[in-house]
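Each chain, letter by letter, is given below.
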Amino acid sequence: MKSKKIIGLIVLILLIGCQTTPNNPGQLVTRAIETRYIDSNFEIAYTSAAHAFFALGFTIHHSEKDAGIIEGDTINPNIDAKRGQMALSMVPYLGVFAMFADTSAIKKEITLLLQKGPNDKRTKMRIQMVINGKAQIDPKVVDAIWIVTQREAMMTSGIDVPDDIKKKYNDLNSPQKNSSSDKNNLSD
């Protein structure tokens, strides 16, 4: 009976330690996620993208306005703290094996490339990501950058922000579902 429990525990540890690699989307799908268009001139789009970086907690390390490049990163210390707490809480159950848990923070490096469109009425924005040193894409982060950039560009241009963009922006700011009256308000 005791040996079955030990074998079960070993199997559980092995299953917890195994990871599957996510399905790699094709290049066209990735390009569709990475590339978006802003209906404003380059000047407004570039400034709006820089504002979006700050609003989302990214630190800008390099920018070249003439080339349309903005580079920045963010480190999520909350993930680090949660993983560390989880590893420490598992010590009584897994012993020294709990010390092998990954307690590193997640570092997301973002590069934006903005390009002028025809007659400078539309700007193409491409977002590239590196997460913990590996080139990959996180659609949630890309969407957040896009939504905040688009909102900033519309506000700067003096265009009323459509209700669907207001809703997406408010959802970004409050992960919990707010009452319907809060969703209709758009804070500046």
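Up top is the structure these notes are about.
Since we're looking at a predicted model, the values are computed, not measured.

How each quantity is defined
- Residues numbered from 1 in each chain as written.
- Predicted model: local features only at pLDDT ≥ 70, side-chain atom pairs only at ≥ 80, totals over all residues.
- Heavy atoms only, no water.
- Helix = DSSP H or I, 4+ residues; strand = E, 2+ residues; numbered from the N terminus.
- Buried < 20%, exposed > 50% of the residue type's maximum accessible area, 1.4 Å probe, protein only.
- Contact = heavy atoms within 4.5 Å.
- Areas by Shrake-Rupley, 256 points an atom, 1.4 Å probe, with all protein chains shown as cover.
- Axes fitted to C-alpha atoms, helices over the stretch in contact; angles between N-to-C directions.
- Parallel < 35°, antiparallel > 145°, perpendicular 65-115°, else oblique.
- Left-handed = near helix turned anticlockwise from the far one by under 90°.
- Nonpolar A, V, L, I, M, F, W, Y, C, P; charged D, E, K, R; others polar.
- Expected span 1.5 Å × (residues − 1).
- Phe/Tyr/Trp six-rings, centres within 6.5 Å; stacked < 30°, edge-to-face > 60°.
- Lys NZ or Arg CZ within 6 Å of the ring centre and 35° of its normal.

Engineer: Explain the overall build of the protein residue by residue, including any values.
Structural biologist: Scanning the protein for helices and strands turns up seven helices and six strands. Helices and strands appear in the protein in the N-to-C order α-α-β-α-β-β-α-β-β-β-α-α-α. Taking all 188 residues of the protein together, 28% fall into the buried category. The long-range share in the protein, meaning contacts at least 24 apart out of those at least 6 apart in sequence, stands at 54%. Carbon and sulfur atoms form 56% of the exposed surface of the protein, whose accessible area is close to 12800 Å².

Engineer: With reference to specific residues and values, describe the packing of helix H3 (residues 42-55) against helix H5 (residues 139-157).
Structural biologist: Where H3 contacts H5, the two axes come as close as 8 Å, and the packing angle between them is 130 degrees. Judged by the angle between their axes, H3 and H5 are oblique. Regarding H3 and H5, the two cross each other, and that crossing is right-handed. In contact with Ile-44, Ala-45, Ser-48, Ala-49, His-51, Ala-52, Phe-53 and Ala-55 of H3, H5 contributes Ile-145, Val-148, Thr-149, Glu-152, Ala-153, Thr-156 and Ser-157. Its residues assigned to classes, the contact of H3 with H5 shows nine nonpolar, five polar and one charged.

Engineer: For H3, give the residues involved together with the corresponding values.
Structural biologist: The terminal C-alpha atoms of H3 lie 20 Å apart, and with 14 residues this matches the ideal 20 Å at 1.5 Å per residue to within 8%. Those residues of H3 that are buried are in contact with strand E1 (35-38), strand E2 (59-64), strand E3 (69-76), strand E4 (106-116), strand E5 (123-131) and H5. Positive backbone phi, at 85 degrees, marks Gly-57, one or two positions downstream of H3.

Engineer: Hey, could you go over the packing of H5 against helix H6 (residues 163-173) for me, with residue numbers and the actual values?
Structural biologist: A packed helix pair is summarised by two numbers, namely the angle formed by the two axes and the spacing between the axes. The contact between H5 and H6 brings their axes to 10 Å, and the two run at 125 degrees. With respect to each other, H5 and H6 are oriented oblique. Crossing of H5 against H6: the hand is left-handed. Facing Ala-144, Ile-147, Val-148, Gln-150 and Arg-151 of H5, the residues of H6 in contact are Ile-165, Lys-168, Tyr-169 and Leu-172. Residue composition of the contact of H5 with H6, by class: six nonpolar, one polar and two charged.

Engineer: Quick rundown of the packing of aromatic side chains? Include the residues and the values.
Structural biologist: Tallying each qualifying case throughout the model produces two aromatic pairs. Each ring, one from Phe-42 and one from Tyr-46, has its centre 5.8 Å from the other, and the planes form 35 degrees; the classification is tilted. Of this pair, Phe-42 and Tyr-46 both sit in helix H3, four residues apart, which is roughly one turn of that helix. Accessibility expressed as a relative area gives 8% for Phe-42, which makes it buried. Residue Tyr-46 is classed as buried on the basis of its relative accessible area of 8%. The ring centre of Tyr-169 lies 4.0 Å from the NZ or CZ of Arg-151, which sits over that ring.

Engineer: Describe H5, listing the residues and the values that go with them.
Structural biologist: In this model, H5 (19 residues) spans 26 Å end to end at C-alpha, consistent with the 27 Å of a helix rising 1.5 Å per residue. Of the residues one or two after H5, Gly-158 is the one with positive phi, at around 85 degrees.

Keep in mind that these numbers describe shape and distance, not what the molecule does.
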